[in-house]
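Residue-level structure breakdown
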Amino acid sequence: MEYQIQAPLIEEEIRQLRAGDYVYITGTIYTARDAAHKRMFEAWQQGEALPIDLQGNVIYYMGPSPAREGRPIGSAGPTTASRMDKYAPTFLDLGQKGMIGKGRRSSQVKEAIVRNGAIYFAAVGGAGAILSQVIKEAEVIAYDDLGTEAIRRLRVEKMPVIVAIDSQGNDIYEIAQQEYRK
Amino acid sequence: MREISCGEITECICKMCIQAAHFLSPDMEDILQQAKEKEIAPLGKQILQQLQDNLEIAGRDMIPICQDTGMAVFFLEVGQEVHITGGGLEDAVNEGVRRGYTEGYLRKSVVRDPLDRVNTGDNTPAIIHTRIVPGDKLCMTLAPKGFGSENMSRIVMLKPADGIEGVKKVILETVDLAGPNACPPMVVGVGVGGDFEKAALMAKHALTRETGKHSEIPYVEELEKEMLAKINDLGIGPAGLGGTVTALAVHIETYPTHIAGLPVAVNICCHANRHVTVEL
């Protein structure tokens, strides 16, 4: 099935999505990868405020290449999500609703997805030029010193993703591989 | 002695970095086209089309194929009759990387220390493998390496008794474990023999071979074909979303080894198997 959805996410809407669905996301999402996750997690442990409000939001695991003049961003494909597995369950429990990345997740992340009615989308790895074109605005909003790993707010229009793990815990990487495995 | 100046080397490396990030070599373009024809999964076919569109946009609009423009890995073959003037060879290479990654709007993905993790800001230092060879040429191959696939690579020190079946098992297990994380369809580089670091180096070097060209050793060629078929039977498919094209090619290099050993290294590369060679 193909769907159009808005970000930030509404739980009732994402509960209808199933692993394998093709989804186009429009709206505001945030980027954070390894270093930003570590820093946000440590801030939370210290009881400090996080630089972004996680409630209902989507984090795109992505560190772009620099933008050329006149463009909002450079190449902008997903990075491997499992490196964020250590932090993701905590952020989901704090209200984050969606993740965009690539590759398999841990059982702890799956459990946190189900527990919170959240969702994990896969974008196509290595399609950074195409994905660059759906990003209409990009602004660094925290951790500027991290360079490509800074937290950015993005405005995306019809960003193409596939539901990798749905709110019930169905995992497309397991389902699809079994179908074609000899 | 033939003289080559550091300035000339730096200039050349700068261009190679920008070229590699935006354009795949013709062998890779051909093999991706063939993959799309072979793939039977509808979603897999759609993803392979998306990768071809991505290549077109990358070249047309000068947006890197992938945001991970990699750590710059070089294989240099320095003719022993070459005299490099005006500075050090490695400095000249690093200056080329610095300029290429800055002027080309490429991502700076290198941290100065593996544990304190502060970005160097210019993608240096490069990883440079140098061989001294006969002749008066300088042959430079750049293979920028993304770490989605690099992280899924492995080295195993097998026992001689494990034999060819052991080698096959290591290759298949490594690809299966890599699955969607390594951005399939992948190119699989394998080094068998030598010692610990020689095996790893061969696996990396094998990725720079013209994609799909087989080893000249008949049994190795057979092994490459068998492994490609078995990898594609794993069902991982394009982007790991299921399908019949998981790998585009398997390249295996071998080297004599010790009576007690059978090292096997598997270096996985994503579908953006970027490499550029220039001879000065």
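Criteria and thresholds
Residues numbered from 1 in each chain as written. Chains lettered and ligands numbered in written order. Predicted model: local features only at pLDDT ≥ 70, side-chain atom pairs only at ≥ 80, totals over all residues. Heavy atoms only, no water. Helix = DSSP H or I, 4+ residues; strand = E, 2+ residues; numbered from the N terminus. Buried < 20%, exposed > 50% of the residue type's maximum accessible area, 1.4 Å probe, protein only. Contact = heavy atoms within 4.5 Å. Areas by Shrake-Rupley, 256 points an atom, 1.4 Å probe, with all protein chains shown as cover. Expected span 1.5 Å × (residues − 1). 1 Å grid on protein atoms, 1.4 Å probe; cavity = no way out; pocket = protein on both sides within 12 Å on 5 of 7 lines; lining within 4 Å. Points joined across faces, edges and corners; volume = space filled by probe spheres on them. Nonpolar A, V, L, I, M, F, W, Y, C, P; charged D, E, K, R; others polar. Domains from an automatic or database assignment. Buried area = accessible area lost by both parts, 1.4 Å probe. Salt bridge = Lys/Arg side-chain N within 4 Å of Asp/Glu carboxyl O. Polar contact = N/O pair within 3.5 Å; in protein donor to acceptor, adjacent residues only side chain to side chain. Pairing = 2+ DSSP bridges. Axes fitted to C-alpha atoms, helices over the stretch in contact; angles between N-to-C directions. Core = buried A, V, L, I, M, F, W, Y, C linked by side-chain atoms within 4.5 Å. Left-handed = near helix turned anticlockwise from the far one by under 90°.

As for the overall build of chain B
Counting secondary structure elements, chain B contains eight helices and 10 strands. For chain B, the spread of C-alpha atoms along the three principal axes comes to 55 × 50 × 40 Å. Per-residue burial for chain B yields a buried fraction of 57% across its 280 residues. Residue pairs at least 24 apart in sequence account for 80% of intrachain contacts in chain B once pairs closer than 6 positions are excluded. When the accessible surface of chain B is split by element, carbon and sulfur atoms take 55% of a total near 11,600 Å².

Describing helix H2 (residues 26-38) of chain B
Every α-helical turn comprises 3.6 residues, leaving residues that sit three or four positions apart pointing alike. Residue and element names in this part refer to chain B. Counted at 1.5 Å a residue, the expected span for H2 with its 13 residues is 18 Å, and the 18 Å between its end C-alpha atoms agrees. Looking only at H2, the buried set comprises Asp 27, Met 28, Ile 31, Leu 32, Ala 35 and Lys 36. Among the structural elements, helix H3 (42-61), strand E7 (186-194) and strand E8 (247-257) are those in contact with the buried residues of H2.

So, the layout of surface pockets
By volume, the largest pocket amounts to about 1,000 Å³. Lining the largest pocket are 46 residues, with A:Arg33, A:Asp34, A:Glu149, B:Val111 and B:Arg117 sitting closest to its centre. For the lining of the largest pocket, the elements supplying multiple residues, two or more each, are helix H2 (34-45) of chain A together with helix H5 (147-150) of chain B. Among the elements that make up the lining of the largest pocket, the one with the highest residue count is H2(A) (five residues). Its residues assigned to classes, the lining of the largest pocket shows 16 nonpolar, 14 polar and 16 charged.

Considering unusual backbone geometry
Residues and elements named next belong to chain B. Between Thr 124 and the following residue, Pro 125, the backbone shows a cis peptide bond with an omega angle of 0°. Cis geometry marks the peptide bond from Pro 184 to Pro 185; its omega dihedral reads 5°. One can find Pro 185 in the loop between helix H6 (163-178) and E7. Here the phi dihedral of Met 62 falls at roughly 50°; this positive angle occurs in a residue that is not glycine. When you line up the elements, Met 62 lands in the loop between H3 and strand E2 (73-79). Taking the relative accessible area as the measure of exposure, Met 62 reaches 25% and is therefore partly exposed. One non-glycine residue, Asn 123, adopts positive backbone phi at about 65°.

A word on the domain arrangement of chain B
Residue and element names in this part refer to chain B. Structurally, chain B comprises domain 1 (2-19 + 66-144) and domain 2 (147-273). The distance between the C-alpha centroids of domain 1 and domain 2 comes to 26 Å. Domain 1 puts seven residues into the contact, and the matching count from domain 2 is six residues. Carbon and sulfur atoms supply 79% of the area buried between domain 1 and domain 2, which totals about 550 Å² over both sides. On inspection of domain 1 and its partner domain 2, the count reaches zero salt bridges. There are one residue pair in polar contact (both at pLDDT 80 or more) connecting domain 1 and domain 2. Here the residues of the side of domain 1 that touches domain 2 sort into four nonpolar, two polar and one charged.

Considerations on the sheet that holds strand E10 (residues 276-279) of chain B
Residues and elements named next belong to chain B. Read across the sheet, four strands follow the order E4-E2-E5-E10 without closing on themselves; strand pairing throughout is mixed. Two strands in the sheet have a free side with no partner beyond their single neighbour: strand E4 (127-133) and E10. Mean inter-strand twist for the sheet, computed between neighbouring axes without regard to direction, equals 15°. Sheet analysis places E2 next to E4, joined by seven bridges and oriented parallel. Looking at the pairing, Phe 75 lines up with His 129 of E4.

Considering the nonpolar core
Grouped together as the largest cluster of nonpolar side chains are 63 residues, with contacts concentrated most on A:Met40, A:Met99, A:Ile113, A:Tyr120, A:Ile151 and B:Leu248. Considering each element in turn, this core owes the most residues, six residues, to H3(B). Ranked by size, the runner-up nonpolar core spans 28 residues in total, among them B:Phe74, B:Val78, B:Leu89 and B:Val97.

Some words on the side chain of B:Asn94
Residue and element names in this part refer to chain B. Looking at the element boundaries, Asn 94 is found in helix H4 (residues 89-103). A polar contact is formed between the side chain of Asn 94 and the backbone nitrogen of Ala 126, at a distance of 2.8 Å. Beyond its immediate chain neighbours, meaning those up to four positions away, Asn 94 contacts Thr 124, Pro 125 and Ala 126.

Some thoughts on the packing of H6(B) against helix H8 (residues 218-232) of chain B
Residue and element names in this part refer to chain B. It is the contact of H6 with H8, at a shortest axis distance of 11 Å, that shows an interaxial angle of 40°. For the crossing formed where H6 meets H8, the hand is right-handed. Mapping the contact onto sequence places Ile 164, Lys 168, Ile 171, Leu 172 and Val 175 in H6 and Tyr 219, Leu 223, Glu 226, Met 227, Lys 230 and Ile 231 in H8. Taken together, the residues of the contact of H6 with H8 break down into eight nonpolar, no polar and three charged.

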